[in-house]
Amino acid sequence: MEAWVNEIFIGISLASILLMVAIGLAIIYGTMGVINLAHGQFVMLGAYGAWLLQTQYGVSIVVSLPVVFLVVGLVGFVVERTIIQRLYHRPLDTILATWGIGIVLEQLVRNVFGSSSRYVARPEFLEGGYIILGAHASSYRLFIIFFSLGMLAATWYLLFRTEFGTKLRSVIQNTEISECYGISAKRVYALTFAYGAGLAGIAGALITPLVSVTPTMGTSLVVDAFLVVIVGGVGSLVGTAASALMIGEATAWLSYVLNDTTGRILILLGVIVLIRFRPQGLFPDTVRR
Amino acid sequence: MLEAQALYSYYGKSPILQDVDFSVEEGGFLGIVGRNGVGKTTLLRTIMGLTDRAAGSLLFQGENLLGMRTPQRAGAGIAYIPQGREVIPRFTVRENLLMGTFPRKDGARTIPEHIFELFPILADFIDRRGGDLSGGQQQQLAIGRALAMDPKVLLLDEPTEGIQPNIVQQLEDVMRRLNKEMGLTIVLVEQNTRFVRQTADHFVLLDKGRVAMRGRGEELTNEVVDRYLAL
């Protein structure tokens, strides 16, 4: 019984991290049609940001989150303005370009900080944990879960309750007519890319106490996040959240019952079978046109 | 107020409009007629900056439009109601109207009341999605959205195409009221020459991307129609 509750709990906390990475990916793909292969490196930058702030300035990870969000968001903004915006009508080239950007970012970090693993301590007030239904739930994992639910709510608010969100949704549906009504698609694209990158950065910073920080840490996470986006279907926050939960739980359970490798193989097989029958994902956004 | 001289407009390398001249004075009503595919829609799109490239002179209230990007042209007070209406399908009527206020210079985000007087149906359907409205209702919404920016000139592209006759009548009345009573400048692309003859001050007849004829509204006689517009 305890072991079950424990796996469910680990699955949820895994899902929370995936959710933040996946929302960034989904919002960038949904708005600009860009498959951002540098997303994993944005996660990694966020992790190094948290590490740097802690080792150099003794800043707690909780305090570093907004700084990391802004800095990685700025990196995303610069990448969009300098490179991505020139490639909007060439989808294949954006894949190559973002892949290249990812390699450059990764190597830059390796050159500056070296490739050895770095560790970040969790904040003192989040040490320890609670006993829930007989299983141990660490405070830090609980914090991650609530924080990512908060970011999901903030993203929903941004999209559906602010003027920027209205402009963003309008550009997604009809770029040309949006421009005819005073909306600068260029500006919307750059800010959206920055927001997605910033979310990835936050996810990276949040996992630092749970994993070791290395230049390649983003890659495996972003693969799972892509699975989340594919399963959830583009254009629905609820879908992304539900599918993050599914992938997170499946990962936790399968690696518990079987082992990590077999678990991954089964998840990939599951996703392949799913998109064979529902290529639009489980929760596609449908509308009469 | 809106004046083009030797205007050329291109998609890729092909010039769609060639050496086009026209002008509309403040409060004027210009009808643009011609067969299908002669560049009428392209003319409106050129005014909004939606073609690949344009050359020549295009002035709006003395300002050079060709140097402005599309959102700036909207900000200058040009409202475009495209063919096929293009309301945002997943937006409610309210959001579609709100979107119309985005170009406003004064930053106001309130939907002007007179829009609901012109089109009471929009008030009834305020929370329905644009994509769920009928064609005629969408056209009313598209005009309402344009009026929400408090525009100086309205560009309409075949607003009555494919719309049931009773709504066509209403739309024609609205265009007449906007122009004659409220003094709004209108540029209308229209296949319906009867309405242009009755309502427009002037017309421009396009053929193969050039101006084939121009004149006062009542000069768009049946002989002209037979000569240039009959199939």
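Computed from a predicted model, the values in this text were never measured in an experiment.

Conventions and cut-offs
- Residues numbered from 1 in each chain as written.
- Chains lettered and ligands numbered in written order.
- Predicted model: local features only at pLDDT ≥ 70, side-chain atom pairs only at ≥ 80, totals over all residues.
- Heavy atoms only, no water.
- Helix = DSSP H or I, 4+ residues; strand = E, 2+ residues; numbered from the N terminus.
- Rg over C-alpha atoms; globule rule 2.2 N^0.38 Å.
- Buried < 20%, exposed > 50% of the residue type's maximum accessible area, 1.4 Å probe, protein only.
- Contact = heavy atoms within 4.5 Å.
- Areas by Shrake-Rupley, 256 points an atom, 1.4 Å probe, with all protein chains shown as cover.
- Lys, Arg positive; Asp, Glu negative; His and termini not counted.
- Charge placed at Lys NZ, Arg CZ, Asp CG, Glu CD.
- Pairing = 2+ DSSP bridges.
- Salt bridge = Lys/Arg side-chain N within 4 Å of Asp/Glu carboxyl O.
- Core = buried A, V, L, I, M, F, W, Y, C linked by side-chain atoms within 4.5 Å.
- pLDDT = per-residue confidence, 0-100.
- Polar contact = N/O pair within 3.5 Å; in protein donor to acceptor, adjacent residues only side chain to side chain.
- Axes fitted to C-alpha atoms, helices over the stretch in contact; angles between N-to-C directions.
- Parallel < 35°, antiparallel > 145°, perpendicular 65-115°, else oblique.
- Left-handed = near helix turned anticlockwise from the far one by under 90°.
- Nonpolar A, V, L, I, M, F, W, Y, C, P; charged D, E, K, R; others polar.
- Buried area = accessible area lost by both parts, 1.4 Å probe.

For the rest of this paragraph, the subject is the overall build of chain B. Within chain B, the secondary structure is distributed over nine helices and 10 strands. Here the C-alpha atoms of chain B give a radius of gyration of 17 Å, agreeing with the 17 Å that 2.2 N^0.38 yields for 231 residues. Expressed as lengths along the three principal axes of its C-alpha atoms, the size of chain B is roughly 45 × 40 × 30 Å. Across the 231 residues in chain B, those meeting the buried criterion constitute 56%. Within chain B, residue pairs in contact and separated by at least 24 positions form 67% of the contacts whose partners lie at least 6 positions apart. In the structure as shown, chain B presents an accessible area of about 9600 Å², 46% of it carried by carbon and sulfur atoms. If the 27 positive side-chain charges of chain B are averaged to one point and the 29 negative ones to another, these points end up 6 Å apart.

On to the sheet that holds strand 1 (residues 2-11) of chain B. Paired through backbone hydrogen bonds, the strands of a sheet run either parallel or antiparallel to each other. Residue and element names in this part refer to chain B. With respect to topology, four strands assemble into an open sheet ordered 2-1-4-5, the strand pairing being antiparallel. One side of each edge strand has no neighbouring strand; the edge strands of this open sheet are strand 2 (14-24) and strand 5 (63-64). Summarising the sheet, strand 1 and strand 4 (residues 53-60) pair through seven bridges and their orientation is antiparallel. Note on strand 4: the bridge partner recorded for Ser-9 is Ala-54.

Looking now at the pattern of salt bridges. Residues and elements named next belong to chain A. This structure, assessed with the given rule, holds 14 salt bridges over all chains. Linking Glu-106 and Arg-110 is a salt bridge whose minimum nitrogen-to-oxygen distance equals 3.5 Å. Of this pair, Glu-106 and Arg-110 both sit in helix 4 (residues 91-113), four residues apart, which is roughly one turn of the helix. Exposure remark for Glu-106: the relative accessible area of 14% places this residue in the buried category.

Turning next to the nonpolar core. Membership of the largest hydrophobic core comes to 152 residues, with the highest contact counts inside it found for A:Leu206, B:Leu2, B:Phe22, B:Leu97, B:Leu154, B:Leu155 and B:Val187. Tallying contributions element by element places helix 8 (residues 185-207) of chain A first for this core, with 13 residues. Sequence-distant contacts of B:Val187, that is, excluding residues within four places in its chain, are made with B:Leu2, B:Val24, B:Leu30, B:Ile32, B:Leu44, B:Val153, B:Leu154, B:Leu155 and B:Leu156.

With 100% of its residues at a pLDDT of 70 or more, chain B shows a mean pLDDT of 94. Here helix 9 (residues 222-229) of chain B stands out as the least confident element of chain B, with mean pLDDT 85; strand 6 (residues 78-81) of chain B is the most confident, with 98.

The subject of this paragraph is the environment of B:Asn96. All names here are of chain B. Among the secondary structure elements, Asn-96 is positioned in helix 3 (residues 93-100). When the C-alpha atoms of Asn-96 and Ala-142 are compared, they prove to be 8.2 Å apart, with 46 residues separating the residues in sequence. Those residues in contact with Asn-96 that lie beyond four places of it in its chain are Val-87, Ile-88, Phe-91, Gly-130, Leu-141 and Arg-145. A polar contact of 2.9 Å, which involves the side chain of Asn-96, links it to the backbone nitrogen of Ile-88.

Another aspect to go through is the packing of helix 9 (residues 218-232) of chain A against helix 11 (residues 260-277) of chain A. All names here are of chain A. At their nearest, the axes of helix 9 and helix 11 sit 10 Å apart, and the two run at 30° to each other. By the angle between their axes, helix 9 is roughly parallel relative to helix 11. Remark: the crossing between helix 9 and helix 11 carries left-handed chirality. Here Val-223, Asp-224, Leu-227, Ile-230 and Val-231 of helix 9 come into contact with helix 11, specifically with Arg-264, Ile-267, Leu-268, Val-271, Leu-274 and Ile-275. Grouping the amino acids of the contact of helix 9 with helix 11 by side-chain chemistry returns nine nonpolar, no polar and two charged.

A few words now on the interface of chain B and chain A. Taken together, the contact between chain B and chain A spans 29 residues of the former and 22 residues of the latter. For the pair chain B and chain A, the summed buried surface comes to about 2300 Å²; carbon and sulfur atoms form 57% of the total. Its largest share of buried area at the contact with chain A, chain B owes to B:Arg90, B:Phe91 and B:Phe102, together 26% of the area lost on that side. The interface formed by chain B and chain A holds three salt bridges in total. Between B:Glu95 and A:Arg169 there is a salt bridge whose closest N-O contact spans 2.8 Å. Applying the counting criterion to the chain B and chain A interface returns seven residue pairs in polar contact (both at pLDDT 80 or more). Listed by contribution, the elements that provide at least two residues to the side of chain B that touches chain A are helix 1 (40-48), helix 2 (70-75), strand 6, helix 3 and helix 6 (135-147) of chain B. Of the residues assigned to the side of chain B that touches chain A, the class counts are 17 nonpolar, three polar and nine charged.

Residues and elements named next belong to chain B. Sheet topology note: the strand 4/strand 5 ladder contains two bridges and is antiparallel. Looking at the pairing, Leu-59 lines up with Asn-64 of strand 5. Counted between consecutive antiparallel strands, the loop separating strand 4 from strand 5 contains two residues, among which Gln-61 sits at a positive phi close to 50°.

All right, on to the pairing of strand 9 (residues 202-207) of chain B then. All names here are of chain B. Here strand 3 (residues 29-33) runs beside strand 9; their pairing, made up of four bridges, is parallel. Paired with Ile-32 across the bridge in strand 9 is Val-204. When strand 9 meets strand 10 (residues 210-216), the two strands line up antiparallel, connected through six bridges. By the bridge assignment, Leu-206 is partnered in strand 10 with Val-211. Remark: two residues form the turn of the hairpin made by strand 9 and strand 10, two consecutive strands paired antiparallel; Lys-208 in that turn has positive phi of roughly 50°.

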